[in-house]
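If you want the building blocks of each chain, they are given just below.
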Amino acid sequence: MVQPFHLAIPVTNLTDAEAFYGELLGCEKGRSDTQWIDWNFFGHQLVTHCVEAMPSPPSYNGVDDHAVPVPHFGVVLTMDDWQELASKLEAADIEFVIAPYIRFKGKPGEQATMFFKDPFGNALEFKAFADISQLFAS
């Protein structure tokens, strides 16, 4: 079993964080206080910490003719879970940085990917692999 990662990110409003991470993404809420909330982020520990102002917005790198926001974070889902999340986000009219698509179609490392931002400007990427053994294919 892979051990879960822990990531703490800034947000400016915990109510909006609850709506996005809890309601939209379906993450289970864990411990919380007046300045932070722990989330079960697809089996990993994500903590949203309330700050007065967000740090600098992401920069962008060119990847496959797309502008990829850096930094970003996310998880690798099963293809079915990725499709379900993509449909849910599309139905919620989420503005994608990079709309859901398949990279490396028919090649080693074939993967589904999508990028979007939370209400605070934190960039997220969700992926799924046609063959998870290709996760680190080169």
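The rules we used
- Residues numbered from 1 in each chain as written.
- Predicted model: local features only at pLDDT ≥ 70, side-chain atom pairs only at ≥ 80, totals over all residues.
- Heavy atoms only, no water.
- Helix = DSSP H or I, 4+ residues; strand = E, 2+ residues; numbered from the N terminus.
- Rg over C-alpha atoms; globule rule 2.2 N^0.38 Å.
- Buried < 20%, exposed > 50% of the residue type's maximum accessible area, 1.4 Å probe, protein only.
- Contact = heavy atoms within 4.5 Å.
- Areas by Shrake-Rupley, 256 points an atom, 1.4 Å probe, with all protein chains shown as cover.
- Lys, Arg positive; Asp, Glu negative; His and termini not counted.
- Charge placed at Lys NZ, Arg CZ, Asp CG, Glu CD.
- Pairing = 2+ DSSP bridges.
- Axes fitted to C-alpha atoms, helices over the stretch in contact; angles between N-to-C directions.
- Domains from an automatic or database assignment.
- Salt bridge = Lys/Arg side-chain N within 4 Å of Asp/Glu carboxyl O.
- Polar contact = N/O pair within 3.5 Å; in protein donor to acceptor, adjacent residues only side chain to side chain.
- UniProt positions renumbered as here; feature names shortened; annotations may be inferred.

To continue, consider the overall build of the chain. Along its length, the chain carries two helices and ten strands. Traced from its N-terminal end to its C-terminal end, the chain shows the element sequence β-α-β-β-β-β-β-β-α-β-β-β. A compact globule built from 138 residues would reach a C-alpha radius of gyration of about 14 Å, and the chain, at 15 Å, matches this within 12%. Considered along the principal axes of its C-alpha atoms, the chain spans approximately 50 × 35 × 30 Å. Scored against the burial criterion, the 138 residues of the chain give a buried share of 35%. Within the chain, contacts between residues separated by at least 24 positions form 55% of all contacts whose residues are at least 6 apart in sequence. Accessible area of the chain: about 8100 Å², with a carbon and sulfur share of 51%. Separation of charge centres in the chain, based on 8 positive and 19 negative side chains, amounts to 6 Å.

Moving on, we come to the sheet that holds strand E7 (residues 73-77). The sheet built from four strands is open, its strands ordered E7-E10-E9-E8 with mixed pairing. The sheet is open, and its two edges are formed by E7 and strand E8 (96-103), each paired on a single side. Strand-to-strand twist across the sheet, computed as the mean angle between neighbouring axes with direction ignored, equals 10°. The pairing of strand E9 (residues 111-117) with strand E10 (residues 123-129) spans seven bridges and is antiparallel. Its bridge partner being in E10, Met114 is matched across the sheet by Phe126. Strands in contact with helix H2 (residues 79-91) are E7, E8, E9 and E10; relative to E9, the strand with the most contacts, it is inclined by about 35°.

Right, let's talk about the domain arrangement of the chain for a bit. Examined at the domain level, the chain breaks down into domain 1 (1-53) and domain 2 (69-137). If you look at where domain 1 meets domain 2, you find zero salt bridges. Where domain 1 packs against domain 2, one counts three residue pairs in polar contact (both at pLDDT 80 or more). For the side of domain 1 that touches domain 2, the secondary structure elements donating two or more residues are strand E1 (6-11), helix H1 (14-24) and strand E4 (44-50). Here the element with the most residues in the side of domain 1 that touches domain 2 is H1; it accounts for six residues.

What follows covers the UniProt feature "domain: VOC" (unreviewed entry) in the chain. Residues annotated by UniProt as "domain: VOC" (unreviewed entry) correspond here to residues 3-129. Helix and strand shares over residues 3-129 are 19% and 48% respectively, and the end C-alpha atoms of the span are 20 Å apart.

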